[in-house]
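Residues per chain are reported as follows:
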Amino acid sequence: MYISEQLLNPDERRLRLSAQLGVEHVVLDNRGTELVSAQGGVSEWDAGKLAAYRRWVESHGMKLDVFALDVGSILLDSLVDLEGARRQRDTLARNIQRAAEAGITCLKYNVQMVGITRTALKPGRGGARNSGFVHADYSPEDDRRHSYWGVGYPSNQEEGGSASAMLCGQKMARAVPPVSVQAGWDAIEFLVEGLVTAADRAGVRLACHPHDPAYPVGGLNGIEHVVGSVDGLRRFLALSPSRNHGLNFCQGTVAEMFERPGRHMTAVIEEFARTGRIFMVHFRNIRGGYLDFEEVFPDEGDVDMYEAVKAYQRGGYAGPLCPDHVPVSDIDAGRERFMSFALGYTRGLLQAAGAWSTPAG
């Protein structure tokens, strides 16, 4: 295993900083740029531009491990406009092929139908603030204020989302239709069917992020989070036997599925690692659990991160651990120091566990 840093639209200064921190692998998200744009739908990629971008990133001494495939609103669209969703799925399939042509071997995507639901920023150590979700305190206004779309940095403003106007960072212009358990699985199966076929043809692995957070039984605002439980993760993997169909295993999100994650996570990590279908890990910690948690620094949560590393190791996982969802603070507005702490902490755990390795190439 090894550290890999997630970056959103990095410039040269940011890549140089990562290199100086000892980062040799990166996971990149470029939503909203000329290179990758999904405004109201799924945009076509240009293999030449992607290849040039990959070479520019790697000229800084880092390997591009994973690139984000933004599926836009295709899941909800498939429930109300199937033909339009099919056209978007065809575009995504072409983008997978173009990623392969550009030398990108793994793409991550997210099956959130609405954004990552949060209800508050809780006080953290030293005056930092921790993004949290407390279902008992849920209100639409708090949802609008604190939810966000994407990974790495909990701020809907910085990620260009429209959470100030729509619940959960919802990206569809139309009203969100109800999503029952059956409808949720129908939409995900529709997407997986098209993406995995394209991935097998192109030789690209697809790393899916589960629903964050786990919703209560019966859903929230008419939306069910069907990949918001360990059984949901198992069912998701069973949708296809392809070895290109796998997980962006978000350790924090999976921890949110349990009332007492400290008791369960090592066994769950080892179980999914043994499938060989974890393609990347979001290595983060939480305090609390199901329906009542906050995202904290990796060293202060309820999951023993050293034991987590050992569980990945026992399960045979050898890929990247990516720090994710660090707290926020006015003192470290860009979260560069907080992320640096998380990177160093993760690397230290890997070395202490004897699990550090750098893949060839």
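Residues numbered from 1 in each chain as written. Predicted model: local features only at pLDDT ≥ 70, side-chain atom pairs only at ≥ 80, totals over all residues. Heavy atoms only, no water.

Draft legend 1. Expanded view of the packing of helix α9 (residues 261–273) against helix α10 (residues 305–315). At a minimum axis distance of 7 Å, the contact between α9 and α10 shows a crossing angle of 25°. By the angle class used here, α9 and α10 are roughly parallel. Relative to α10, α9 is oriented so that their crossing is right-handed. Counting all contacts with α9, which are made through T266, I269, E270 and A273, the residues of α10 involved are E307, A308, A311, Y312, R314 and G315. Residue classes in the contact of α9 with α10 are distributed as 5 nonpolar, 2 polar and 3 charged. (Axes fitted to C-alpha atoms, helices over the stretch in contact; angles between N-to-C directions. Helix = DSSP H or I, 4+ residues; strand = E, 2+ residues; numbered from the N terminus. Parallel < 35°, antiparallel > 145°, perpendicular 65-115°, else oblique. Left-handed = near helix turned anticlockwise from the far one by under 90°. Contact = heavy atoms within 4.5 Å. Nonpolar A, V, L, I, M, F, W, Y, C, P; charged D, E, K, R; others polar.)

Draft legend 2. Structural detail: the packing of aromatic side chains. Tallying each qualifying case throughout the model produces 10 aromatic pairs. Relative to F67, the ring of W45 lies with its centre 5.5 Å away and its plane at 80°, an arrangement referred to as edge-to-face. With a gap of 22 residues between them, W45 in the loop between β3 (25–29) and α2 (47–58) and F67 in strand β4 (residues 63–68) connect regions that are remote in the sequence. Comparing W45 with F67 shows no difference in burial state: the two are buried. Aromatic pair F249 and F272: ring centres 6.0 Å apart, planes at 40°, arrangement tilted. Of the two residues, F249 is situated in strand β9 (residues 245–250) and F272 in helix α9; the sequence distance between them amounts to 23 residues. Here the two residues F249 and F272 agree in accessibility, since each one is buried. (Phe/Tyr/Trp six-rings, centres within 6.5 Å; stacked < 30°, edge-to-face > 60°. Buried < 20%, exposed > 50% of the residue type's maximum accessible area, 1.4 Å probe, protein only.)

Draft legend 3. Spatial organisation of the pattern of salt bridges. Summed over the entire model, instances satisfying the criterion amount to 30 salt bridges. R98 serves as the salt-bridge partner of E44, at 2.3 Å between the closest nitrogen and oxygen. Remark: R98 occurs in helix α4 (residues 82–101) and E44 occurs in the loop between β3 and α2; sequence separation between them is 54 residues. Residue class for R98 comes out partly exposed when judged on its relative accessible area of 24%. The salt bridge involving D324 is made with R284; its shortest N-O contact spans 3.3 Å. Taken together, the residues span a long stretch of sequence, with D324 in the loop between β13 (320–323) and α11 (336–352) and R284 in the loop between β10 (278–283) and β11 (285–289) at a distance of 40 residues. Pair check on accessibility: D324 and R284 agree, each one buried. When salt bridges with common partners are traced through the structure, they connect R118, D212, E256, R284, E295 and D324 into a single cluster. (Salt bridge = Lys/Arg side-chain N within 4 Å of Asp/Glu carboxyl O.)

Draft legend 4. Inspection of the sheet that holds strand β12 (residues 292–296) at higher detail. Pairing is antiparallel in the open sheet, where 4 strands are placed in the order β6-β7-β12-β11. Strands at the two margins of the open sheet, each flanked by one partner only, are β6 (120–123) and β11. Within the sheet, the average angular offset between the axes of one strand and its neighbour, ignoring direction, is 30°. Taken together, the 4 bridges between β6 and strand β7 (residues 129–134) define a ladder with antiparallel strand orientation. Bridged to P123 within β7 is R129. (Pairing = 2+ DSSP bridges.)

Draft legend 5. Layout of the sheet that holds β3. Pairing in this open sheet of 9 strands is parallel, and the strands run β1-β13-β10-β9-β8-β5-β4-β3-β2 from one edge to the other. On the outer flanks of this sheet lie β1 (2–3) and β2 (5–8), each paired with one strand and no other. Here α10 sits on the sheet in contact with β9, β10 and β13, set at roughly 175° to β10. Relative to β13, α11 is tilted by about 150°, and along the sheet it contacts β1, β2, β10 and β13.

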